[in-house]
Every structure is written in C-alpha cells, then in structure tokens.
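# Report on the structure
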Amino acid sequence: MPITNTPFTKQQLLPQEEKLEVARQKSELFIGIPKETCHQERRICLTPDAVNSLTYHGHRVMIESGAGLSSSYTDKEYSDAGAEIMNDTKKVFSCPMILKVEPATTAEIAMMNPQTILISAIQLKTRKKKYFEALTKKKITALAFEYIKDEDGTYPAVKSLSEIAGTASILIAAELMITNEFGKGLLFGNITGVPPTDVVILGAGTVGEFAAKTAIGLGATVKVFDNSITKLRRLQNNLNQRIFTSTIQPKSLLKALRRCDVAIGAMRGKERCPVIVTETMVEHMKNGAVIVDVSIDTGGCFETSEVTSHEKPTFVKSNVLHYCVPNIPSRYSKTASLSISNIISPYLLQIADDGGIETAIRFDKGLKNGVYMYHGILTNAAIGDWFDLPNNDINLIVF
C-alpha cells in the first residue's frame with residue numbers, strides 16, 4: 001500500500017548512509033566595539049586584558065577611538081593589548097561581529113553588514129517593534145547578555161550587575177544621608193552608644209541580598225520583605241545569619257517604613273515591577289529618610305518614584321529623599337565593565353574554538369538561550385508575544 005500524507009520524498013524514505021560530523025575547525029573572530037552613544041552609558045564590553053587574551057589567540061579586535069574612556073581605559077591601553085583603534089564609526093560597524101553594552105539603535109543597525117553577529121544587552125522594556133524588523137531585514141544573528149545561561153541555570157550577566165546594583169544602593173544611601181541640602185547628617189552604620197541605621201529592603205533576590213550584605217557589613221539593622229519564603233530562606237542562608245524577614249503585609253511593612261532611615265526597592269516583576277509602597281506609606285516615613293528604588297528600570301516599587309538621571313539623581317517628595325536612577329551599575333563603569341568582560345570573553349573564545357557561532361550554540365545550551373534572532377529569524381517566544389511578531393523555536397532550526 002503506498003504511503004501517503006508524508007512530508008518526505010520517496011528518496012528520503014530509503015535507508016541513508018550514515019554521515020559523521022566533520023571535525024570542528026577553529027575560526028578567527030573579527031570583533032568591532034563601537035563607542036556607546038546612549039546617554040548615561042559609560043561601560044564597555046571588553047577590558048584591555050580581555051582584548052589581549054583574544055589577540056593572543058589570533059583574533060582581531062577593532063575599537064572605536066575613545067570607546068573605553070568613560071570606563072577609565074585609554075586608546076593606548078587597547079592598542080598595546082593588540083586592538084586596532086579606529087576613528088571611523090562605519091568601519092567599526094562593518095566588522096562581522098559587533099559587541100555593545102546598550103542595544104544597537106536603528107541607525108547603527110543600518111551601518112552593519114548583512115549576516116552580522118550582534119552581542120549586546122536587549123533591555124526589552126525600551127525596545128520598539130522596528131528594532132526587530134531592522135535586524136530581520138539585515139538577517140542579523142543577535143544574542144542578549146540577559147538571556148545567556150550558566151551551567152547551573154542562572155543568568156551570569158544579570159546576576160553580576162545585580163550584585164553591583166545591590167551593593168551600590170547602600171553606598172548611595174550612605175552618601176545621601178550625610179549633611180547636604182537635605183541629608184540629616186547621619187553616618188550609615190553602627191557607632192557605640194548610637195542607635196544603628198535602620199534599613200528596609202523590599203525583595204530578596206540578588207539585589208536585595210547584596211544590599212543586605214553591605215548594610216550588615218556597615219553595622220545597620222536590616223529588615224527584608226518578600227512574598228517568596230524560598231527566596232527569604234536562601235537569603236538568610238547566604239548571609240550566614242538570621243535577620244528580620246517577612247512576607248509583604250501592609251501593616252508590618254508600614255511599621256518598618258515608619259522607623260527606617262533607608263528603604264531599598266529591589267523587587268522584580270514579569271513585565272512591570274509591582275508597586276509595593278503606596279504614597280500614603282511614604283508620607284508616614286521619617287522626615288529626611290532616603291529611598292533608593294533600584295527597581296526603577298522596570299517601573300519602580302514605590303508609588304512616588306519617578307525616573308531621574310545620573311546628572312540630577314534625586315528629588316524630594318513628602319519630605320523623603322528619592323534616588324531613582326535606572327542603570328545604577330553604569331555609575332561604577334570600570335567595575336561593571338570588568339564584570340561584563342569576564343562573562344563575555346570566555347564565550348568569545350569558546351565560539352572561536354567551536355568554529356563559529358553556529359556550532360557553539362549547537363553545543364552550548366546556555367549560549368543558545370541567549371540567541372533571540374538567528375539569521376533574521378526571531379527565535380524568542382516572549383519577544384514574539386510582546387511585540388506580536390512571528391517567531392520560531394531555535395531548537396527546530398539548530399540541532
């Protein structure tokens with residue numbers, strides 16, 4: 001009986017000879033690092049040491065002149081590390097692989113050659129549909145830092161930048177508490193005979209954990225609120241000590257906020273961060289208390305939060321000082337650049353050893369998870385749903 005309704009031809013259904021995989025050939029990378037044009041972005045993807053490691057392995061790196069200055073790296077340092085310094089932005093964008101911290105703008109995508117590989121952050125909340133359409137038009141393969149997974153299933157880039165943001169939130173609060181236009185002239189910490197600084201942290205993720213570690217290290221009393229008991233338990237285990245933890249209940253939260261000197265917002269949400277602290281709660285806080293809303297990147301978890309900039313970072317509402325700058329790690333550009341560089345450079349060497357991005361993502365699931373655009377085909381279902389764009393499962397394209 002003839003076989004009908006099959007997607008295969010008669011030829012394909014016949015027994016085939018076995019094909020062995022061709023030995024992997026190492027490939028040489030040619031990486032372009034343009035200067036960041038986005039306002040407030042001071043980081044760079046690769047440090048001179050990382051560039052040196054790549055050039056030592058026979059790869060080419062082209063860096064736009066002045067790209068590392070805001071991270072305190074000079075053109076000479078990059079040149080000594082083996083990079084080619086280029087004044088022509090177009091020339092940098094013509095490299096087969098582009099490394100950026102911020103997502104590329106549509107003007108920058110226009111400068112790229114078709115089939116370019118783009119590795120950058122994606123910052124989904126700030127993207128527009130035309131960004132993905134521009135990538136599709138150029139058949140670009142794009143990877144996002146935020147989506148690359150480690151062997152243990154965590155997101156290394158997100159985690160390390162959250163560690164910086166958590167630690168920084170306490171250091172920023174300490175600066176804001178000193179005597180200035182609005183500060184109360186308090187020293188953050190615990191001095192003999194003086195009541196310690198009282199800190200409330202909303203969220204027990206990585207940002208919350210590192211904020212708690214830093215505050216405890218300075219001697220403050222810390223209260224952490226989160227609706228996940230698992231996260232609170234993990235936080236206490238990681239801190240190696242018992243601190244006040246609680247689920248988010250308006251009555252106990254209000255009581256803690258009324259007494260605190262500093263409140264840190266470190267909540268995360270799927271699409272928008274949940275608003276935990278209402279305007280009325282903020283009105284009940286002490287005069288001169290400090291709010292650092294790290295969650296402002298996804299909307300903020302204080303109702304009174306409004307986006308501010310690194311140039312004018314604070315404002316006062318209900319006699320409470322608010323600091324709501326998105327992208328806090330950019331303030332510590334050298335540390336953040338070192339952190340990103342240490343995560344990205346091993347992947348670049350691995351891509352080269354595997355013989356290119358195609359093979360690398362076939363063998364590394366974590367790296368494959370970072371791909372959201374493959375030769376112009378959108379491969380991330382979440383982005384597809386968000387922007388109502390057609391998307392394919394990468395596992396059906398690369399296997």
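The structure under discussion appears in the preceding block.
Residues numbered from 1 in each chain as written. Predicted model: local features only at pLDDT ≥ 70, side-chain atom pairs only at ≥ 80, totals over all residues. Heavy atoms only, no water.

### Looking at the overall build of the protein chain
Check the secondary structure of the protein chain and you find 16 helices and 15 strands. C-alpha atoms of the protein chain, sized along the principal axes, occupy 85 × 65 × 40 Å. Per-residue burial for the protein chain yields a buried fraction of 51% across its 399 residues. A fraction of 65% describes how many contacts in the protein chain between residues 6 or more apart in sequence connect residues 24 or more apart. Accessible surface for the protein chain amounts to roughly 20,000 Å². Of this, 53% is attributable to carbon and sulfur atoms. Each charge class in the protein chain was averaged separately, 44 positive and 42 negative side chains, and the resulting centres sit 4 Å apart. (Helix = DSSP H or I, 4+ residues; strand = E, 2+ residues; numbered from the N terminus. Buried < 20%, exposed > 50% of the residue type's maximum accessible area, 1.4 Å probe, protein only. Contact = heavy atoms within 4.5 Å. Areas by Shrake-Rupley, 256 points an atom, 1.4 Å probe, with all protein chains shown as cover. Lys, Arg positive; Asp, Glu negative; His and termini not counted. Charge placed at Lys NZ, Arg CZ, Asp CG, Glu CD.)

### A few points about the pairing of strand E13 (residues 320-323)
Along E13, one buried face is formed by Val320 and His322 and the opposite face, lined by Leu321 and Tyr323, is buried too. Sheet analysis places strand E11 (residues 290-293) next to E13, joined by 3 bridges and oriented parallel. Bridging across to E13, Val290 finds its partner in Leu321. The pairing of strand E12 (residues 314-317) with E13 spans 4 bridges and is antiparallel. By the bridge assignment, Thr314 is partnered in E13 with Tyr323. (Pairing = 2+ DSSP bridges.)

### Section: the side chain of Ser295
When you line up the elements, Ser295 lands in the loop between E11 and E12. Polar side-chain contacts of Ser295 include one of 2.9 Å to the backbone nitrogen of Met267. Among residues more than four places away in sequence, those in contact with Ser295 are Gly265, Ala266, Met267, Cys273, Gly300 and Cys301. (Polar contact = N/O pair within 3.5 Å; in protein donor to acceptor, adjacent residues only side chain to side chain.)

### Describing the sheet that holds strand E9 (residues 244-246)
Strand order in the open sheet formed by 7 strands is E9-E8-E7-E10-E11-E13-E12, with mixed pairing between adjacent strands. The open sheet is flanked by E9 and E12, the only strands paired with a single partner. Neighbour-to-neighbour, the strand axes of this sheet turn through a mean angle of 20°, independent of strand direction. Here strand E8 (residues 221-225) runs beside E9; their pairing, made up of 3 bridges, is parallel. The partner of Lys223 across the bridge, within E9, is Phe244. Strand contacts of helix H7 (residues 156-177): strand E7 (198-202), strand E10 (262-265), E11, E12 and E13, with the helix running at about 150° to E11, the strand carrying the most contacts. (Axes fitted to C-alpha atoms, helices over the stretch in contact; angles between N-to-C directions.)

### Comments concerning a positive patch on the surface
Residues Lys125, Lys159, Lys231, Arg234 and Arg268 make up a contiguous surface patch of positive charge. With respect to the helices and strands, Lys159 occurs in helix H7. (Patch = residues over 30% accessible without salt bridge, like charges linked within 9 Å, V, L, I, M, F, W, Y side chains within 5 Å. Salt bridge = Lys/Arg side-chain N within 4 Å of Asp/Glu carboxyl O.)

### A look at the pattern of salt bridges
Pairs can form between side chains of opposite charge once their charged atoms are near each other. A full pass over the atoms with the stated rule returns 12 salt bridges. Between Glu84 and Arg60 there is a salt bridge, and its shortest N-O distance comes to 2.8 Å. On the criterion of sequence distance, the pair formed by Glu84 in strand E3 (residues 84-86) and Arg60 in strand E2 (residues 60-64) is long-range, its members being 24 residues apart. Given a relative accessible area of 40%, Arg60 falls into the partly exposed group. Each of the salt bridges in this network shares a partner with another, and the network as a whole consists of Glu36, Lys100 and Glu108.

### Brief notes about the nonpolar core
If you look at the biggest cluster of nonpolar residues, it comprises 45 residues, and the most contacted ones within it are Leu46, Leu99, Ile119 and Leu348. The dominant element in this core, judged by the number of residues it contributes, is helix H12 (residues 333-354), at 9 residues. In contact with Leu46, other than residues within four places in its own chain, are Ile33, Val51, Leu54, Tyr78, Leu99, Ser341, Ile344, Ser345 and Leu348. Judged by nonpolar contacts, the second largest core, of 33 residues, contains Ala215, Ile243, Val290 and Val292. (Core = buried A, V, L, I, M, F, W, Y, C linked by side-chain atoms within 4.5 Å.)

### A closer look at unusual backbone geometry
We note that Gln123 has phi near 45°; this positive angle belongs to a residue other than glycine. Summarising the element assignment, Gln123 is placed in the loop between strand E5 (117-120) and helix H6 (129-137). Backbone geometry at Asn319 places phi at a positive 60°, although glycine is not the residue there. Residue classification places Asn319 among the partly exposed residues on the basis of a relative accessible area of 39%.

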